[in-house]
Amino acid sequence: MTSIVIPAHNEGRVIGRLLDALLAGAPDPGQPDIVVVCNGCTDDTAAVAGARGPRVRVVEIATPSKHTALRVGDEHARGFPRLYVDADVVVGAADVRALAGALADTPGLLAAAPGRDIPLAGCAWPVRAYYRVWQLLPAVREGLFGRGVIAVTEAGHARIAALPPLMADDLAASLAFAPGERRVVETARVVVRPPRTWGDLIRRRVRAATSSAELEHFQAQQTSTPAPGRPAPAAASAPSTRPTPSAPSARTGTDDLRALLRAQPRLLPGVVVFVVAALAARRGSRKAIRAGDFSTWLRDESSRQG
């Protein structure tokens, strides 16, 4: 049986659209097991999820922690493959079946994620320019992060369950698998809503830069004492020329941006926006990094509107 774990913190405005998509078109035989873990919610997330009926099991915990919610979800989930789905994305029953099928049909494949659709209508011009560049970056196209959905086999689950609590949990999970062990299944799709304003975009990027610093610390620990059979993660944030030869990396480098411009010169304005956003995020993350604050979640509310 396929299990779906959805950690949710104050997602009452958006979780209904995800659950409706998961429930619509799901055949009675082989219905997925859906567990929503409401963590530290002060809104109606639990009520909205519970209103979807007995096919959705709702668990409530007091601690506002995604990592804790995922582990609690594991305790209640009934089977594999197992999907971890963010409450603010939209993925359908057919997409779940496509991911589960890819894992079942491909020997050695431990983790999979859907192709992402980012609707940019209604976003400010700099936001649209940023995402047009971001979506073309090799690491972004090939990695499982930034999609809000990751599906794993039982062996894949053992790999990510061993990871410590990290703000960049999806990036760490993606880099926990070698390229031959993970796959983006383009026939499955997920809708990931972007921030609508420049300010909210920078908030997201500051969070990414902060979480990247935490992940780099974890990487340094892993490269000094690597776990058997598991590659050590590296971070993906602002463009950098710093080499990380001992670990896989999803970091965007200046060579990536130059290659993109050589292939598509018309993207120059977007690349400028991308670099400005990356530098702003790096500056904005310095205080938290110096303080070792890797728990403050700079949440983008604009992507949760409507």
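Let us look at the structure shown here. Just so it is clear, the structure is predicted and the values come from calculations on it, not from any experiment.

Observations regarding the packing of aromatic side chains
And step 1. Summed over all chains, the structure comprises 3 aromatic pairs.
And step 2. For the ring pair Tyr 130 and Phe 274, a centre distance of 5.0 Å and an interplane angle of 20 degrees mean the geometry is stacked. Remark: Phe 274 occurs in helix α11 (residues 268-291) and Tyr 130 occurs in helix α5 (residues 125-134); sequence separation between them is 144 residues.
And step 3. Ring centres of Tyr 131 and Trp 134 lie 5.6 Å apart, and the angle between their planes is 80 degrees; on these two criteria the pair is classed as edge-to-face. Residue Tyr 131 and its partner Trp 134 are located together in helix α5, separated by 3 residues, close to a single helical turn.
And step 4. On the accessibility criterion, Trp 134 (11% relative accessible area) is buried.
And step 5. The structure contains a cluster of three or more aromatic residues connected by ring pairs, namely Tyr 130, Tyr 131, Trp 134 and Phe 274.
And step 6. Directly above the aromatic system of Phe 80 lies the positively charged group of Arg 82, at a separation of 4.1 Å from the ring centroid.

Side note on α11
And step 1. Between its first and last C-alpha, α11 extends 36 Å over 24 residues, near the 34 Å set by a 1.5 Å rise per residue.
And step 2. The largest bend along α11 reaches roughly 40 degrees and is located at Ser 285.

Concerning the pattern of salt bridges
And step 1. Under the counting rule described, the total for this entry stands at 11 salt bridges.
And step 2. Across the salt bridge formed by Asp 74 and Arg 71, the nearest N and O atoms sit 3.0 Å from each other. Pair noted here: Asp 74 and Arg 71 are both in helix α3 (residues 66-76), with a separation of 3 residues, about one helical turn.
And step 3. Each member of the salt-bridge network shares a partner with another, and the members are Asp 33, Arg 57 and Arg 78.

About the thresholds
- Residues numbered from 1 in each chain as written.
- Predicted model: local features only at pLDDT ≥ 70, side-chain atom pairs only at ≥ 80, totals over all residues.
- Heavy atoms only, no water.
- Phe/Tyr/Trp six-rings, centres within 6.5 Å; stacked < 30°, edge-to-face > 60°.
- Helix = DSSP H or I, 4+ residues; strand = E, 2+ residues; numbered from the N terminus.
- Buried < 20%, exposed > 50% of the residue type's maximum accessible area, 1.4 Å probe, protein only.
- Lys NZ or Arg CZ within 6 Å of the ring centre and 35° of its normal.
- Expected span 1.5 Å × (residues − 1).
- Bend = angle between axes of the 7 residues up to and from the residue.
- Salt bridge = Lys/Arg side-chain N within 4 Å of Asp/Glu carboxyl O.

That is the geometry; function is a separate question.
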